[in-house]
Amino acid sequence: MRIAIASGKGGTGKTTLSVNLALKLAESKSTALIDLDVEEPNGSIFLKGKLINSLDAQRMVPVWEQKKCNLCGKCPAHCLYNAVIRLGDYILVMPELCHSCHACSELCPADALPMQASPLGTINHFQENKLDFLESRLNIGLEMASPLINQALAYTDKHFATHEYQILDSPPGTSCSMIAAVQTADYSILVTEPTPFGLYDLTLAVETLRHLSQPFGVVVNRWGIGNNEVIKYLEKENIPLIAKIDHQREIASFYSQGKILYRDFPTVNTALEAIISHLEALK
Ligand code: SF4
Ligand code: SF4
């Protein structure tokens, strides 16, 4: 099963849950954890495994060849992302805006915009005990998360296809990078907290998953810090509440030290057992 751990906003405990769930699953089942939060991959703070494989991820971007160009103006007219513009007698390509769609290169009548490989980020495969851990990290300054997510998922398909569980630590929010991660999952777990902000962002994530026709349930983290509105919302919307994790100050202290939680905190371990039972029942 491929399970996406997602949240409507950052800071809900999504990565903590992903790492602890993956480690707990790996005690008895073949499991891979794939960190797709490519702009801020934090899984390696908790996992210090042995490096198995390291890849430089690349993407294709157009490069302007001035001598061939007749300044026909087709490329800026057809780029949906304003990644190629004309400045006087010059064509300027902005790689940070380019979505590698190839349109300008294909449409150029003078063959003056050949596509060339450009660095995108890194994909590192670690092993910690029986857990395979894939970290995908976008190069600083780039905003093209989805191509790197897709390459990490391709690596997952190739190397972890026979694992019983693939846990995806998805990017936070409801942007296209979150969608790129969750749309490949068999099931999604939304992590939220019982506060007005948590509820608001949860409703956005629920709308997104419903739009994608993705099955999902919810884990409420830091139970006890806010109110009961999240639970009422889940009941009203007929959304499965998979587990609640009680708020404890000591958990935050452990977390800030990069420590694994479920072996020391029964509330976390109980929640993980509830999640695993829920997932097993879906098979
Ligand atoms: S489409 Fe090709 S020839 Fe036309 S302006 Fe762009 S680079 Fe130049
Ligand atoms: S490849 Fe696509 S996104 Fe990139 S500059 Fe060309 S038209 Fe724009």
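To keep things clear, this report deals only with the structure shown in the data block. (Residues numbered from 1 in each chain as written. Chains lettered and ligands numbered in written order. Predicted model: local features only at pLDDT ≥ 70, side-chain atom pairs only at ≥ 80, totals over all residues.)

Observations regarding the pairing of strand β7 (residues 131–138)
Each regular strand displays side chains that alternate between the two surfaces of the sheet. With 8 of its 8 residues buried, β7 lies for the most part within the structure. Covered by surrounding structure in β7 are Leu131, Phe133, Glu135 and Arg137 together with Asp132, Leu134, Ser136 and Leu138, the residues of both alternating faces. Note: strand β2 (residues 31–35) against β7, 5 bridges, orientation parallel. Bridged to Ala32 within β7 is Asp132. Both strand β6 (residues 115–128) and β7 contribute to a ladder of 8 bridges, which runs antiparallel. Bridging from a neighbouring strand, Gln127 pairs with Asp132 of β7. (Buried ≥ 20, exposed ≤ 12 C-beta atoms within 10 Å, placed from the backbone. Helix = DSSP H or I, 4+ residues; strand = E, 2+ residues; numbered from the N terminus. Pairing = 2+ DSSP bridges.)

Here we look at the site of ligand 1
As a structural note, the neighbourhood of ligand 1 is formed by 14 residues, with Cys69, Cys72, Cys75, Cys108 and Ala112 the closest of them. Classifying every residue of the shell around ligand 1 by side-chain character gives 11 nonpolar, 2 polar and 1 charged. (Near = placed C-beta within 6 Å. Nonpolar A, V, L, I, M, F, W, Y, C, P; charged D, E, K, R; others polar.)

Details of the site of ligand 2
By nearness alone, 13 residues border ligand 2, and Cys79, Ala83, Cys98, Cys101 and Cys104 come closest of all. Residues belonging to the shell around ligand 2 are distributed by class as follows: 10 nonpolar, 3 polar and no charged.

Just distances and angles here, no functional claims.
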